[in-house]
Amino acid sequence: MKIVDRKDIDIGRWNKLVRSTKESSFFSYGWYLDAVAENWCVLVNDDYSCGIALPFSTRFGVVTLYTPIFVRYVEILGNEESSIDFEQLIRTRFTNICLATKKQLFNGSSEQVYQNIKKNNDRNVGSQAKRMLKKASKLKLTTYQSNEYELVLSSIKEGLENKHQGLNSKSMLSLEQLIKNAKTENALNVIQIDYTGGIVCLESDREILYLKGVVDDSTKKNGGMYLALNTAIENAIDANKNFDFGGSKVEGVKGFNHNLGGKNVVYYLYENVNYPWWYRLMKKMK
């Protein structure tokens, strides 16, 4: 196993490893990380049969292994060998670590949760979701599925003026590039709702991942977001795929996901940094 910098990665073999790993996520694909990570490398063996993506940032010479926006976690891919100490190998390159992982790789990691709906599992829709979906039906709100993202992206950009969606101009650029990359990879699934906005999802042969979405206030009050997400969920169920809500630490969003039938899945967060005093001061001032 060795660490390979982005410029030296055999990206075709890496993406093949991601694709062939059972229940791997979009977050490890090269085209995904190219859009959202400041820098990234991989820890991989010679034949690309086992590895893990390692996103990192560099500020004034200080390197931090981190979890980029729109990435929930990184994961071990391929034929994991129990004898491999991933933590020790990662620490040969990185001393400052703020990284979320699918499985617990670091001692002292804390548990986090996201929500998904597994294929073939019973889905329990909450009373609030039922009410809002009924409201949307009475008002005859309509969804349209396509791979055209411009309307939804434009609506999200407009919301930046009041910090809507928790994005800033920099993360917005990452989102736009990610959506473009997904369309090139034929992985984009957009659900518009009455041309007032909608949601952007990514779709593979095994899952649909909710990425981002927005509708106007009137449509939202009338159940628009419930309808858009429910449409995506039903599409996943009909195609025998998992549905992934993307995850959020906001309690209100968690409640929304649970109401639509989402169930908690545990992943892990590890944080251990040893920044020099001058760097900590600069971060505090910023």
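Residues numbered from 1 in each chain as written. Predicted model: local features only at pLDDT ≥ 70, side-chain atom pairs only at ≥ 80, totals over all residues. Heavy atoms only, no water.

A. View of the pairing of strand 4 (residues 62–66). Across the five residues that make up strand 4, a large majority, four, are buried. Following strand 3 (residues 50–59), the chain reverses through two residues before pairing antiparallel with strand 4; Phe 60 in that reversal takes a positive phi of roughly 50°. Bridge analysis of strand 4 against strand 6 (residues 97–101) gives two bridges, and the strand direction is parallel. Looking at strand 6, one finds that Leu 65 is bridged to Ile 97. (Buried < 20%, exposed > 50% of the residue type's maximum accessible area, 1.4 Å probe, protein only. Helix = DSSP H or I, 4+ residues; strand = E, 2+ residues; numbered from the N terminus. Pairing = 2+ DSSP bridges.)

B. Inspection of unusual backbone geometry at higher detail. Located in the positive-phi region is Glu 23, a residue other than glycine, with phi close to 60°. Positionally, Glu 23 belongs in the loop between helix 1 (11–20) and helix 2 (30–36). When its relative accessible area of 42% is taken as the criterion, Glu 23 is described as partly exposed.

C. Spatial organisation of the side chain of Asn 45. Relative to the assigned elements, Asn 45 resides in the loop between strand 2 (39–44) and strand 3. If near-sequence neighbours (up to four positions away) are discounted, Asn 45 is found in contact with Met 1 and Cys 50. (Contact = heavy atoms within 4.5 Å.)

D. Fine view of helix 9 (residues 251–259). Along helix 9, the residues classified as buried are Lys 254, Phe 256, Asn 257 and Asn 259. The inward-facing, buried residues of helix 9 contact strand 7 (110–117), helix 4 (127–138) and helix 8 (224–238). Gly 261 lies just past helix 9 and shows a positive phi near 105°.

E. Local environment of the side chain of Lys 241. Relative to the helices and strands, Lys 241 resides in the loop between helix 8 and strand 12 (242–244). Exposure remark for Lys 241: the relative accessible area of 13% places this residue in the buried category. Within the structure, the side chain of Lys 241 is placed 2.7 Å from the side chain of Glu 203, a separation counted as a polar contact. In contact with Lys 241, other than residues within four places in its own chain, are Lys 119, Glu 203, Ser 204, Asp 205, Arg 206, Glu 207 and Ala 236. (Polar contact = N/O pair within 3.5 Å; in protein donor to acceptor, adjacent residues only side chain to side chain.)

F. The packing of aromatic side chains, seen in detail. If you walk through the whole model with that rule in mind, you get 14 aromatic pairs. Each member of the aromatic cluster is reached from another via a ring pair, and the members are Phe 26, Phe 27, Tyr 29, Trp 31, Tyr 32, Tyr 73, Tyr 114 and Tyr 267. Looking at Arg 93, its charged tip hangs above the ring of Phe 56, at a distance of 5.6 Å from the centre. (Phe/Tyr/Trp six-rings, centres within 6.5 Å; stacked < 30°, edge-to-face > 60°. Lys NZ or Arg CZ within 6 Å of the ring centre and 35° of its normal.)

G. Inspection of a nonpolar patch on the surface at higher detail. Together, Phe 60, Trp 277, Trp 278, Leu 281, Met 282 and Met 285 give the surface a local cluster of nonpolar side chains, amounting to about 720 Å² of exposed area. By the secondary structure assignment, Phe 60 is in the loop between strand 3 and strand 4. (Patch = residues over 30% accessible without salt bridge, like charges linked within 9 Å, V, L, I, M, F, W, Y side chains within 5 Å. Areas by Shrake-Rupley, 256 points an atom, 1.4 Å probe, with all protein chains shown as cover. Salt bridge = Lys/Arg side-chain N within 4 Å of Asp/Glu carboxyl O.)

H. Seen up close, the nonpolar core. Counting 46 residues, the largest nonpolar core has Trp 14, Trp 31, Tyr 32, Leu 175, Leu 202 and Leu 211 as its most contacted members. Residues in contact with Trp 31, not counting those within four places in the same chain, are Phe 26, Leu 178, Asn 181, Ala 182, Glu 185, Ala 187 and Leu 202. Judged by nonpolar contacts, the second largest core, of 26 residues, contains Ala 136, Cys 201, Val 215 and Leu 229. (Core = buried A, V, L, I, M, F, W, Y, C linked by side-chain atoms within 4.5 Å.)

I. The arrangement of the pattern of salt bridges in detail. Summed over the entire model, instances satisfying the criterion amount to 15 salt bridges. The residue Lys 102 makes a salt bridge to Glu 75 at a minimum N-O spacing of 3.6 Å. Placement of the pair is Lys 102 in the loop between strand 6 and strand 7 and Glu 75 in the loop between strand 4 and strand 5 (77–78), with a sequence separation of 27 residues. When its relative accessible area of 25% is taken as the criterion, Lys 102 is described as partly exposed. Among the ionic pairs, Glu 203 bridges to Lys 241, the shortest N-O distance being 2.7 Å. Of this pair, Glu 203 sits in strand 10 (residues 197–203) while Lys 241 sits in the loop between helix 8 and strand 12, and the two are 38 residues apart along the sequence.

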